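Structure assessment
Here is what each chain is made of, one letter per residue.
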Amino acid sequence: MRVSVIRDPCLSPRQRRVVAEARLGELLRTCGDQLDVPARATLCVRLTGDAELHDLNLRFLGTDGPTDVLAFSAEERGRVGDVAISVERAMTQAPDGVGELRLLAVHGLLHCLGHDHALPQPAAAMTAATRMLLPGADIPDLETAELAGRS
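Structural notes, computed from the coordinates.

Criteria and thresholds
- Residues numbered from 1 in each chain as written.
- Predicted model: local features only at pLDDT ≥ 70, side-chain atom pairs only at ≥ 80, totals over all residues.
- Heavy atoms only, no water.
- Pairing = 2+ DSSP bridges.
- Helix = DSSP H or I, 4+ residues; strand = E, 2+ residues; numbered from the N terminus.
- Axes fitted to C-alpha atoms, helices over the stretch in contact; angles between N-to-C directions.
- Parallel < 35°, antiparallel > 145°, perpendicular 65-115°, else oblique.
- Left-handed = near helix turned anticlockwise from the far one by under 90°.
- Contact = heavy atoms within 4.5 Å.
- Core = buried A, V, L, I, M, F, W, Y, C linked by side-chain atoms within 4.5 Å.
- Buried < 20%, exposed > 50% of the residue type's maximum accessible area, 1.4 Å probe, protein only.
- Salt bridge = Lys/Arg side-chain N within 4 Å of Asp/Glu carboxyl O.

Taken together, four strands build an open sheet; the order of strands is S1-S2-S4-S3 and the sheet is mixed. The sheet is open, and its two borders are formed by strand S1 (2-7) and strand S3 (69-73), each paired with just one other strand. In this sheet, adjacent strand axes meet at a mean angle of 15° when their direction is disregarded. The sheet contact formed by S3 and strand S4 (residues 79-86) spans five bridges and is antiparallel. The residue bridging Phe 72 from the neighbouring strand is Asp 82, located in S4.

Right, here's the structure in full:
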């Protein structure tokens, strides 16, 4: 899978360092291979701040507030979709930021590929897929995370 990672100029030097350490392009290409995503399929990841995620959340989902990650699956052949991540929120949720960015990127990719966590059974499947793609990471059960207000 081809991955484009776009870093918003609004990111602070510290946020840019965390983004570089997360190596999201490499991670997502590996995940694409593991999930049998065609090698020529494309995914775009935008790394930005709360203000942009707030705007996207309001425009596309009607929710007036920021969020950590949004995923938009593609309707066209050869495109997986687009993922937007608030680096600001990721670093608030987990101070080191690297693991959280990696988790949010995988979460967004899985949404683009059709995974969902609105119901218990699909949430369990999405949790299992995330754990497979991020071995050794502390991955919460999505059903439990949803009840705690985190998505």
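Interhelical geometry of helix H1 (residues 13-22) versus helix H5 (residues 98-112) gives an angle of 60° and a closest axis separation of 9 Å. By the criterion of interaxial angle, the relationship of H1 to H5 is oblique. Between H1 and H5 lies a crossing of right-handed hand. Contacts between H1 and H5 involve Val 18, Val 19, Glu 21 and Ala 22 on the former and, on the latter, Val 98, Leu 101 and Arg 102.

Membership of the largest hydrophobic core comes to 38 residues, with the highest contact counts inside it found for Leu 43, Ile 85 and Leu 101. Secondary structure elements with two or more residues in this core: H1, helix H2 (24-34), strand S2 (42-48), S4, helix H4 (87-93), H5 and helix H6 (120-133). Per-element accounting of this core gives the leading share, nine residues, to H5. With near-sequence residues (within four places) excluded, Ile 85 lies in contact with Val 45, Arg 46, Leu 47, Thr 48, Leu 53, Asp 68, Val 69, Leu 101, Leu 104 and Ala 105.

Turning to the pattern of salt bridges, a few remarks are in order. Applying the stated criterion across every chain yields a total of eight salt bridges. Where Arg 79 meets Asp 82, a salt bridge forms, and the shortest distance between an N and an O atom there is 2.7 Å. Under the relative-accessibility criterion, Arg 79 is labelled partly exposed at 26%. Look at Asp 82 and you get partly exposed, because its relative accessible area is 28%. A salt bridge links Arg 131 to Asp 141, with the shortest nitrogen-to-oxygen separation between them at 2.9 Å. Of this pair, Arg 131 sits in helix H6 while Asp 141 sits in the loop between H6 and helix H7 (142-147), and the two are 10 residues apart along the sequence. For Arg 131, a relative accessible area of 37% puts it in the partly exposed group. Given a relative accessible area of 34%, Asp 141 falls into the partly exposed group. A single salt-bridge network, built from bridges that share partners, covers Asp 8, Arg 46 and Glu 52.

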